[in-house]
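# Structural description and commentary
Listed here are the chains, written in short residue letters.
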Amino acid sequence: MAAARKALLEERSRLRDELAIAIEAPGQMTYGSQAAAATHVFEQQRDLALRGRSENQLALVEAALARIDDGRFGACVRCGQPVAPERLEALPWAEHCIDCARLRSGSRRHRPNGSSASLRSAKPPGDSRASPCGPHWSRTDRPNAPTS
Ligand SMILES: [Zn+2]
């Protein structure tokens, strides 16, 4: 238990550092070329994805620390069964026993971010080809309308 708490506290400070760095990242640089701008957008999206993951992780770590304080640490939050010690050793912030974790990951698959972003940015909302009456969205509503 003390080891888990220590690991959680270390993970929490690591994640907080990581998130603090992400906040300070410069967002207002000028770029000489479209390629650089595109790279910048890509990096921003990647940073956002990483940041979201760090925030989720931080929330898990803080919830686990709260469970230690409450004396509920080590019990699955879904079924209440004890989480295997080796699992807690590897993932002290684990909320679920291995069975529940498997159930969750089976029902809700996470896709790595990246391929969906490029598909999404090129298309207007809705599929205009499907409508015989023409597009219902106006030009000014386009998500990536040219600004220059
Ligand atoms: Zn469970």
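Cut-offs applied
- Residues numbered from 1 in each chain as written.
- Predicted model: local features only at pLDDT ≥ 70, side-chain atom pairs only at ≥ 80, totals over all residues.
- Helix = DSSP H or I, 4+ residues; strand = E, 2+ residues; numbered from the N terminus.
- Buried ≥ 20, exposed ≤ 12 C-beta atoms within 10 Å, placed from the backbone.
- Contact = placed C-beta atoms within 7 Å.
- Expected span 1.5 Å × (residues − 1).
- Core = buried A, V, L, I, M, F, W, Y, C linked by C-beta atoms within 7 Å.
- pLDDT = per-residue confidence, 0-100.

### Observations regarding the overall build of the protein chain
From N to C terminus, the protein chain includes 5 helices and 0 strands. Shown N-terminal to C-terminal, the secondary structure of the protein chain runs as helices and strands in the order α-α-α-α-α. Out of the 148 residues in the protein chain, the part that is buried amounts to 9%. Long-range pairs, those at least 24 residues apart, make up 49% of the contacts in the protein chain with a sequence separation of at least 6.

### Remarks on helix H2 (residues 34–70)
For H2, spanning 37 residues, the distance from its first C-alpha to its last is 53 Å, which sits close to the expected 54 Å at 1.5 Å a residue. Looking one or two residues beyond H2, the residue adopting positive phi is Gly-71, at roughly 80°.

### Observations concerning the environment of Cys-97
Mapped onto the fold, Cys-97 is located in the loop between helix H3 (85–90) and helix H4 (98–107). Spatially, the C-alpha atom of Cys-97 lies 8.7 Å from that of Gly-74, the residues being 23 residues apart in sequence.

### Overview of the nonpolar core
In terms of nonpolar packing, the biggest core is built from 9 residues, these being Ala-4, Leu-8, Leu-15, Val-61, Ala-64, Val-83, Trp-93, Ala-94 and Cys-97. Sequence-distant contacts of Leu-8, defined by excluding residues within four places in its chain, comprise Val-61, Ala-64, Leu-65, Pro-92 and Trp-93.

### Thoughts on the environment of Arg-12
Along the chain, the position of Arg-12 falls in helix H1 (residues 2–24). On the basis of neighbour count, Arg-12 is assigned to the partly exposed category, with 18 C-beta atoms found within 10 Å. Distance in space between the C-alpha atoms of Arg-12 and Ser-54 is 9.8 Å, their sequence separation being 42 residues. Residues in contact with Arg-12, not counting those within four places in the same chain, are Leu-58, Val-61 and Glu-62.

### Focus: the environment of Ile-98
With respect to the element layout, Ile-98 can be found in helix H4. For Ile-98, the residues in contact, after removing those within four places along its chain, are Ala-84 and Arg-87.

### So, the confidence of the model for the protein chain
Interpretation of the predicted coordinates at a detailed level should be avoided for regions scoring low in pLDDT. Here the protein chain averages 79 in pLDDT, while 64% of its residues score no lower than 70. Mean pLDDT across the secondary structure elements of the protein chain bottoms out at helix H5 (residues 115–122), with 47, and peaks at H3, with 94. In this model residues 113–120 is a low-confidence stretch, pLDDT under 50, and it forms 3 contacts with partners more than four residues away in sequence or in other chains.

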